[in-house]
Each structure stands twice: as structure tokens, then as C-alpha cells.
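Examining the three-dimensional arrangement
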Amino acid sequence: MSNPKLVPNFIIGDMDSLKDQSLLQKYADVPSEIYNRDKNYTDTELALQKVASLLPEGGMNRVTLVGGGSGDYVDHFLGIMDTFATPYHADFWLCGQQIVCYLGKNMRLEVSNVRPDQRISVARVPSFYSGGSIETDGLEWESRVFRKEGMPSISNRIATARSTRFSPQQSVSFTVRDQAFLVIVPITAILEKEMI
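What comes next is a walk through the structure. Every chain begins its residue count from 1, and numbering advances along the sequence as written. Given that the model is predicted, a residue must reach a pLDDT of at least 70 before its local features are reported, and side-chain atom pairs must reach 80 or more before they are shown or counted; all residues, however, enter totals for whole chains, interfaces and linings. Processing note: side-chain calculations cover all non-hydrogen atoms of the structure and skip hydrogens and water entirely.

It is worth spelling out the overall build of the protein chain at this point. The helix and strand labels rest on DSSP assignments: H or I over at least four residues marks a helix, E over at least two residues marks a strand, and numbering proceeds from the N terminus. A tally of helices and strands in the protein chain yields 2 helices and 12 strands. The order of helices and strands in the protein chain, counted from the N terminus, is β-β-α-β-α-β-β-β-β-β-β-β-β-β. Counting every position in the protein chain, which comprises 196 residues, the buried fraction comes to 37%. Long-range pairs, those at least 24 residues apart, make up 67% of the contacts in the protein chain with a sequence separation of at least 6. To measure how exposed things are, a 1.4 Å probe is used in the Shrake-Rupley method; for residues, cover is taken only from the protein chains shown. Element-wise, carbon and sulfur atoms account for 51% of the exposed surface of the protein chain, whose accessible area totals about 12100 Å². Partly exposed describes any residue whose relative accessible area lies between the buried limit of under 20% and the exposed limit of over 50%, with all areas from a 1.4 Å probe on protein chains only and scaled to the type maximum. The contact rule is simple, with two residues in contact once any of their heavy atoms fall within 4.5 Å.

Here you go:
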């Protein structure tokens, strides 16, 4: 059985990282927006803006961004982080060995399949340095002791004091009542997100 041909739905960006520009000819029939490399947005930001323009208005954001979180370009990483303060952010960002999950107001996230030695962190979106309301259940250090400014919880972990034997089915829950937060979990985590 042969592998199916992967064809993009849309091509966007300045293509400055594409070593062989002739590869674009393979997709001449695919809609595209090619930009000049002298611009103030990363290609990832442009792609997220394009996706947001295609989503139904008021519809639930179900965009998963894969990659973009490693390498030597800190400026590009910060550009992606800034998108979480905009309407065109990803819902999930698969970033190296971690998943960044966006949780807006009145959203709940259930996380399972995390070992006690793996990190779980909580960050505020870039537009908020302080405030917001997030409740957690199942962490070693719960939200009542989170930092009030900056990144609320770094390198936290799943609570093990509640049981003598760890189970991958143990879960952690995050509920956002106000503002927006990012929950950062291992790439192996199983996530269930819902509006409340």
C-alpha cells in the first residue's frame, strides 16, 4: 500500500527558510500568500491569522500548532507567545516535549497520563502580568499558593500524597474563571477541554 500524498490546503509565509524554491511549483494549484521577508510578523503568526479568518465567527477555536518552539530564534518563540494575547491564538501548541494549552475565561481542562516526575506549569497570557482566577485540583502545589504576579506555577507536578500508588489515570483539573492562562504539560499528556 502506498503512502497517500500530503497536499497543503494553503501556503503562507515568506519562504526564506525554503532552500529549494522550486518545491513551491509542486503546489502551484494550492492557494497561497507569499510575503516579503521584511515584515513584522513571523510566518507562524501569519498562518494563525489566516486560520482565524477562516473559522466561523464565535465558533470554538480548535487550532493545533505543531512546532515553532525550538531552535535558535527566541524572537520567533516570543512572537508565538504573543499570539495568546490575541484572537488568533492556537488552542493547543505542540512545542518540543511539551503541550501548551490555552484556557480562556470559563474553560476547564482535565489532564491525565502524567507521571509524578514530569513537570506541569501554569502561565498567564502575555496581556496579563497579574490577576485572573484559576482553580486547580490534583497538583502538589494547588492554585491557592500560586504566585500572584508573573508566571503562577513553574515545574509543579501531579500530587502523589493522596495515594500510596501512582496510576496514569490520576488527573489534574484546571478551571479558569477570569482572564486567560496557559497550562504547560508533557507531550504524552491526555487533555480534555470544555467550556463551563
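Moving on from the coordinates now.
Positive phi is not limited to glycine here, since Asn113 has a value of about 65°. Mapped onto the fold, Asn113 is located in the loop between strand E6 (107-112) and strand E7 (120-124). Look at Ser155: it is not a glycine, yet its phi comes out positive at around 55°. Within the secondary structure, Ser155 sits in strand E9 (residues 153-156).

Another aspect to go through is the layout of surface pockets. When its volume is computed, the largest pocket comes out at roughly 1100 Å³. Cavity: a set of points on a 1 Å grid over the protein atoms alone where a 1.4 Å probe fits but cannot get out. Pocket: an open set with protein on both sides within 12 Å along at least five of seven lines, its lining residues, like those of a cavity, having an atom within 4 Å of a point. Lining the largest pocket are 40 residues, and of these Ile12, Ser17, Thr42, Asp43 and Thr44 lie nearest its centre. Contributions of two or more residues to the lining of the largest pocket are made by strand E1 (11-13), helix H1 (43-54), strand E3 (64-66) and helix H2 (74-83). Per element, the largest residue contribution to the lining of the largest pocket is 8 residues, and it comes from H1. Asp, Glu, Lys and Arg are counted as charged, while Ala, Val, Leu, Ile, Met, Phe, Trp, Tyr, Cys and Pro are counted as nonpolar; the rest, among them Gly, fall into the polar class. Taken together, the residues that form the lining of the largest pocket break down as 21 nonpolar, 11 polar and 8 charged. Grid points are joined across faces, edges and corners, and a volume is the space filled by probe spheres set on the points.

This part covers the pairing of E6. At least two DSSP bridges between two strands are required for those strands to pair. In this sheet, strand E10 (residues 171-178) lies alongside E6 in antiparallel orientation, the contact comprising 6 bridges. Looking at E10, one finds that Leu109 is bridged to Phe174. Pairing geometry for E6 and strand E12 (residues 190-195), over 6 bridges, is antiparallel. Paired with Ser112 across the strands is Ile190, a residue of E12.

Two modes of strand pairing occur in sheets, parallel and antiparallel, and in both the strands are linked by backbone hydrogen bonds. Pairing is antiparallel in the open sheet, where 4 strands are placed in the order E8-E10-E6-E12. The open sheet has two free edges, formed respectively by strand E8 (133-137) and E12, since each of these has just one partner strand. Direction aside, neighbouring strands of the sheet carry axes that sit 15° apart on average. Between N-to-C directions, angles span 0 to 180 degrees; the directions come from axes that are lines fitted to C-alpha atoms, helices contributing only their stretch in contact.

Once that is clear, we can look at the pairing of E8. Across the two faces of E8 the burial differs, with Ile134 and Thr136 buried and Ser133, Glu135 and Asp137 not buried at all. The sheet contact formed by E8 and E10 spans 5 bridges and is antiparallel. Of the residues in E10, the one forming a bridge with Glu135 is Thr175.

What follows is about the environment of Ile184. Residue placement: Ile184 occurs in strand E11 (residues 181-186). The class for Ile184 is buried, based on a relative accessible area of 14%. As a C-alpha pair, Ile184 and Ile154 span 30 residues in sequence and 9.3 Å in three-dimensional space.

This part covers the sheet that holds strand E4 (residues 92-95). Across the sheet, which stays open at both edges, the 6 strands sit in the order E3-E4-E5-E11-E7-E9 with mixed pairing between neighbours. This sheet does not close on itself; its edge strands, each paired only once, are E3 and E9. Averaged over all pairs of adjacent strands, the angle between strand axes in this sheet comes to 15°, irrespective of strand direction. As defined by bridge partners, E4 adjoins strand E5 (residues 98-103) across 4 bridges and the pair is classed as antiparallel. Residue pairing for E5: Trp93 is matched across the bridge by Val100. Against the sheet, H2 contacts E3, E4 and E11, and its axis sits at roughly 160° relative to E4.

What follows deals with H2. Within the sequence span of H2, burial applies to Gly79, Ile80, Met81 and Thr83. Tucked inside the fold, the buried residues of H2 contact H1, E3, E4 and E11.

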